[in-house]
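# Residue-level structure breakdown
Chain by chain, the residues:
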Amino acid sequence: MAAKKASKKEIPATLVPGDGIGPEITDAVVGILEAAGAPFVWETQQGGLAAIKECGDPLPQALLDSIRRTKLALKGPLTTPVGGGFRSVNVRLREEFELYANVRPARTVMPGGRYENIDLVLVRENIEGLYVAFEHYIPIGDDPHAVALGSGVNTRAGCRRIAEYAFEYAVRNNRKKVTIIHKANVMKILTGLFLETAREVAKAYEGKVEVNDRIVDACAMQLVLDPWQFDVLLATNLFGDILSDEMAGLVGGLGLAPGANIGIDTAIFEAVHGSAPDIAGKGIANPTAMLYAACMMLDHVGRRDLGVRIRKAVDETLHEDKIRTGDLGGKASTADYAKAVVRRLS
Ligand code: NAD
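Residues numbered from 1 in each chain as written. Predicted model: local features only at pLDDT ≥ 70, side-chain atom pairs only at ≥ 80, totals over all residues. Heavy atoms only, no water.

### Thoughts on helix α6 (residues 190-203)
Summarising burial for α6: 10 of the 14 residues are buried, a large majority. Listed as buried for α6 are L190, T191, G192, L193, F194, L195, T197, A198, V201 and A202. (Buried < 20%, exposed > 50% of the residue type's maximum accessible area, 1.4 Å probe, protein only. Helix = DSSP H or I, 4+ residues; strand = E, 2+ residues; numbered from the N terminus.)

Below, the structure written as structure tokens:
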């Protein structure tokens, strides 16, 4: 979906504070966006555990209706129980609004870490692959869970769509190379189709964007040994999910990693991290990942100017004022850090 034209007009958008640390970081982010003069007019909706408490459904109709209206959302993390229980709300949202492209940039914000000057973008297929969750048990004897079966689905159309998105993204953002990630030596059909289709798409970009490919396990190792060899990484759903967390680790952890879920006419922006139940309610979570997601949302609606201002205010807060949350080695609370960013904005 192309970014909308620049406009100073108000833009309706759905806001989902989410679970765990979600409400704390959402408060901080909304305050910073207001201080920056962001054009969003929020429709606040509950999702996840918060919505189960309110109306018994983790994905209430009111939330879906709101996103259908606004076609734009900023979403806090939603808790999904591991194993049994309801299906991941995040996965259902991606399917419901056909958010086929998940874009996760990883850029060094905090120098002095293990790696300097990292600037990578992962483009992940967001709907197909092994996350379609076609899974079931086969009972044997008195064990109802004796065998677990799961299959993935990749379509040529889906592979082509995400590959085209990745190459177009590379061209639009002045990126030089796309690396196709696969496991076509073992999962020859499921990820073989992805590799074959992405290579076909790459032909149209010859001379504009370089292309190569890596087997996912080798890629995971190469990301640690020499991350600078990569630029844009194009991956299937499961591999992309895993590699993007690894990439977040290269640049100082989940507190700094944003993500965008882009569809044909709808886009949902969120942090890569989850609801962090271990620190929820303590007021110490880092809101930067969600704030960077909001900056991607500003870029998306044609207000790159505001995104640039906010990113600069964050840089100044972290590096000049040295005000940081605990995950970055500081002592600031979520609210104090947000106040410091607002001070820099004004
Ligand atoms: P997590 O990302 O919530 O937490 C992993 C670790 O990172 C924890 O130690 C946490 O304290 C820390 N962390 C995460 N975000 C942080 C922040 N902003 N500031 C400081 N520290 C931060 O991963 P998890 O514990 O595996 O998952 C918890 C829940 O979140 C699960 O129910 C999972 O399904 C859900 N989840 C949701 C999303 C989403 O909504 N997009 C994404 C991932 C996980």
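Okay, back to it.
### Some remarks on the side chain of K177
In this fold, K177 is placed in strand β8 (residues 177-182). Buried charge without a partner: K177 forms no salt bridge, and the closest opposite charge is E210, 4.4 Å away. For K177, the side chain forms a polar contact with the main-chain oxygen of Q229, separated by 2.6 Å. Those residues in contact with K177, other than ones at most four positions away along the chain, are V209, E210, N212, Q229, D231 and V232. (Lys, Arg positive; Asp, Glu negative; His and termini not counted. Salt bridge = Lys/Arg side-chain N within 4 Å of Asp/Glu carboxyl O. Polar contact = N/O pair within 3.5 Å; in protein donor to acceptor, adjacent residues only side chain to side chain. Contact = heavy atoms within 4.5 Å.)

### What about the sheet that holds strand β5 (residues 119-125)?
Spatially, 10 strands are ordered β2-β1-β3-β12-β11-β4-β5-β10-β8-β9 in an open sheet, and the strand pairing comes out mixed. On the outer flanks of this sheet lie β2 (40-44) and β9 (210-215), each paired with one strand and no other. Sheet twist, expressed as the average angle between the axes of neighbouring strands with direction ignored, equals 25°. Bridge count between β5 and strand β10 (residues 232-235): four bridges; the pairing is parallel. Counterpart to V123 in the pairing with β10 is L234. Lying over the sheet, helix α9 (residues 288-300) contacts β1 (11-16), β2, β3 (72-75), β4 (101-107), β11 (258-262) and β12 (267-271), oriented at roughly 155° with respect to β12. (Pairing = 2+ DSSP bridges. Axes fitted to C-alpha atoms, helices over the stretch in contact; angles between N-to-C directions.)

### Regarding the site of the ligand
Close contacts around the ligand come from 20 residues, with L78, G274, A276, D278 and N286 the closest. Between the ligand and the protein, one listed contact pairs an oxygen atom with a backbone N or O atom of A276 at 2.7 Å. Here the ligand, which alone exposes 810 Å², has 68% of that area covered by the protein. Residues belonging to the shell around the ligand are distributed by class as follows: nine nonpolar, seven polar and four charged. (Near = heavy atom within 4 Å. Areas by Shrake-Rupley, 256 points an atom, 1.4 Å probe, with all protein chains shown as cover. Nonpolar A, V, L, I, M, F, W, Y, C, P; charged D, E, K, R; others polar.)

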